[in-house]
Amino acid sequence: MDAKGKKNIKDFGRILSVRDDILEIEFPSEHLFPHELLVLEENPKTIFEVHNALRENIFSCIALTGTENISRGAIVKRTKKTLEVPAGEALLGRVIDVFGNPIDEMGPIQATETLSIYKSPPPYQDIILGKELFETGIKVIDFFVPLRKGGKLGIFGGAGLGKTILLSELMHNIAFYHKGISIFAGIGERIREGHELYEILKENKVLPSVALIYGHMNERAAIRFKAGFSAVTVAEYFRDFYNQDTLFFVDNIYRFLQAGNELSTLLSVIPSEDGYQPTLDSEIGALQERIASTKSAAITSIQAVYVPADDISDAGVQAIISYFDSALVLSRDVYQEGRYPAVDILSSSSSLIDPSVLGLVHYEAFIEAKKILERYKYLQRIVSIIGEAELSVRDKTIYRRAKKLLNFMSQSLFTVSDQTGVSGKYVAREKTIEGVMTILKGKLDHLPEETFLNIGGLEDLKK
């Protein structure tokens, strides 16, 4: 409408074609901007987003809601806005969708401000890369795959290896032991898993410090794709306006690039040789580069990465891995051996393995531990053929200490204590280093390997 309340013809267009979730819309006398939202005139709850210009006055748009009531010739209206989400403390303890609508049946969100989900990454000169380590209380992470404050940890693994459980445990530990705020982006996961996570957080009294943004598996590809941008917008608000250090969790970032691939197919874009969309790297970069720490505060990110067919060399996985400071790789073999978290220590890595970051004691213990685990991997093949009795005395010692070390890296978790019947353990980094050094020095050679399973620090051995 113009100032006199009359209908402005420039704000209206018509649908030329509908193909699945992709529409061609004509706006004869107006140029639309990228990501602008359009609504159906007769039903404003039917929403489209401008993708690009096809030719003069013809635009390709993506349906964000159902297309059942759409037909050729239908009239659409400009909103001159992009997708926005509410922000601030009102979101803590709540679950919202990509549009910012509450989906937890707890009433409307009492937020005073909404923000566009599209934003540029912070300027390079404002980004800060600190060296302060972030203690998680999970032994295998703190010792072998350390995470820095403001850094990124990727949890890589196939289906059913415990990625979501680890994320839940980290949220629990941070809320209880660090009193931090967490933002959770549920991208393309099952509704059941999202509900279970909500109940776990609620039961463990962690929910009041967490905001959850869901784009479930049954949603349209465009919704799943934009869930990550909605969530990172909320995290940026806490960083930039509250100067609040924030934890940003994603489950699952692979589903983000998968949704982008589906959109690319719908838009008839020719895929690259590996089957993924040609815009794969730029799409991942658009999200990951916004997850950054600035002079205002830090965003520390922990992201689950689904590994299709347990193939870490998959092109999509490799496109993501370069954005992480630390990569925690889960193994089906370790899972079947009954050690949880099921981490493949030798396949995992961290860019923080440096004495100036870890400290000399941790660094030397790490090098020695990796050395005996590599030797253990070699000896395992020999033992499987001729048995442990045929090893030399020195190799027997290394083999047994390595098994104790691997068992020591298992741990009872708070978020599954109701299922296991064993209370969770939070282990300080210093206690973990002390335990590893004690094992490596042979002071516990007299104890059987089984006693090290699922304990916290070495003080639990006395119990």
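Here's a quick rundown of the structure. (Residues numbered from 1 in each chain as written. Predicted model: local features only at pLDDT ≥ 70, side-chain atom pairs only at ≥ 80, totals over all residues. Heavy atoms only, no water.)

1. Remarks on the side chain of T46
Summarising the element assignment, T46 is placed in strand β4 (residues 43-55). Only 3.5 Å separates the side chain of T46 from the side chain of N69, close enough to count as a polar contact. Residue contacts for T46: discarding those within four places in its chain leaves L38, V39, L40, T65, G66, N69 and I70. (Helix = DSSP H or I, 4+ residues; strand = E, 2+ residues; numbered from the N terminus. Polar contact = N/O pair within 3.5 Å; in protein donor to acceptor, adjacent residues only side chain to side chain. Contact = heavy atoms within 4.5 Å.)

2. Notes on a nonpolar patch on the surface
On the surface, Y124, I127 and L129 cluster together into a nonpolar patch covering about 380 Å² of accessible area. Note that I127 resides in the loop between β9 (113-116) and β10 (133-134). Looking at I127, the relative accessible area reads 30%, which means it is partly exposed. (Patch = residues over 30% accessible without salt bridge, like charges linked within 9 Å, V, L, I, M, F, W, Y side chains within 5 Å. Areas by Shrake-Rupley, 256 points an atom, 1.4 Å probe, with all protein chains shown as cover. Salt bridge = Lys/Arg side-chain N within 4 Å of Asp/Glu carboxyl O. Buried < 20%, exposed > 50% of the residue type's maximum accessible area, 1.4 Å probe, protein only.)

3. Focus on the pairing of β4
Relative to β4, strand β3 (residues 37-40) runs antiparallel, the two being bridged by 4 bridges. Within the sheet, the bridge partner assigned to L38 lies in β4 and is F48. Hairpin connection between β3 and β4: a loop of 2 residues separates the two successive antiparallel strands. Alignment of β4 against strand β5 (residues 58-63), held across 6 bridges, turns out to be antiparallel. Residue R55 lies in a different strand from β5, and its bridge partner there is I58. Between the antiparallel neighbours β4 and β5 lie 2 residues, among them N57 with a positive phi of about 70 degrees. (Pairing = 2+ DSSP bridges.)

4. Things to note about helix α11 (residues 393-408)
Given a rise of 1.5 Å per residue, 16 residues ought to cover 22 Å, and the 23 Å separating the end C-alpha atoms of α11 matches this to within 8%. Of all the positions in α11, only D395, I398, Y399, A402, K404, L405, L406, N407 and F408 are classed as buried. Along its buried surface, α11 packs onto α1 (139-144), α10 (360-386) and α13 (429-440). (Expected span 1.5 Å × (residues − 1).)

5. Thoughts on the sheet that holds β5
In space, the 6 strands of this closed barrel follow the order β1-β2-β5-β4-β3-β6, with antiparallel pairing throughout. Neighbour to neighbour, the strand axes of the sheet diverge by 45 degrees on average, direction disregarded. Sheet topology places strand β1 (residues 12-19) next to strand β2 (residues 22-26); 5 bridges connect them, and they run antiparallel. Within the sheet, the bridge partner assigned to R14 lies in β2 and is E26. (Axes fitted to C-alpha atoms, helices over the stretch in contact; angles between N-to-C directions.)

6. What about the nonpolar core?
Core analysis: the biggest nonpolar cluster contains 59 residues, and F144 and L405 have the highest contact counts within it. Element by element, the count of residues in this core is highest for α10, at 8 residues. Counting 54 residues, the second-largest nonpolar core is a separate cluster that includes L37, A211, F256 and I299. (Core = buried A, V, L, I, M, F, W, Y, C linked by side-chain atoms within 4.5 Å.)

7. Remarks on the sheet that holds strand β13 (residues 181-187)
Spatial strand order, β8-β14-β13-β15-β16-β12-β17-β18: 8 strands in an open sheet with mixed pairing. In this open sheet, the two edge strands, each paired with only one partner strand, are β8 (95-96) and β18 (349-350). Note that strand β15 (residues 246-251) and strand β16 (residues 299-306) share 5 bridges and pair parallel. Bridging from a neighbouring strand, T246 pairs with I299 of β16. Against the sheet, helix α3 (residues 191-203) makes contact with β8, β13 and β14 (210-215), and its axis sits at roughly 175 degrees relative to β14, the strand it touches most. Packing of helix α5 (residues 253-266) onto the sheet brings it into contact with β13, β15 and β16, and relative to β16 it is tilted by some 70 degrees.

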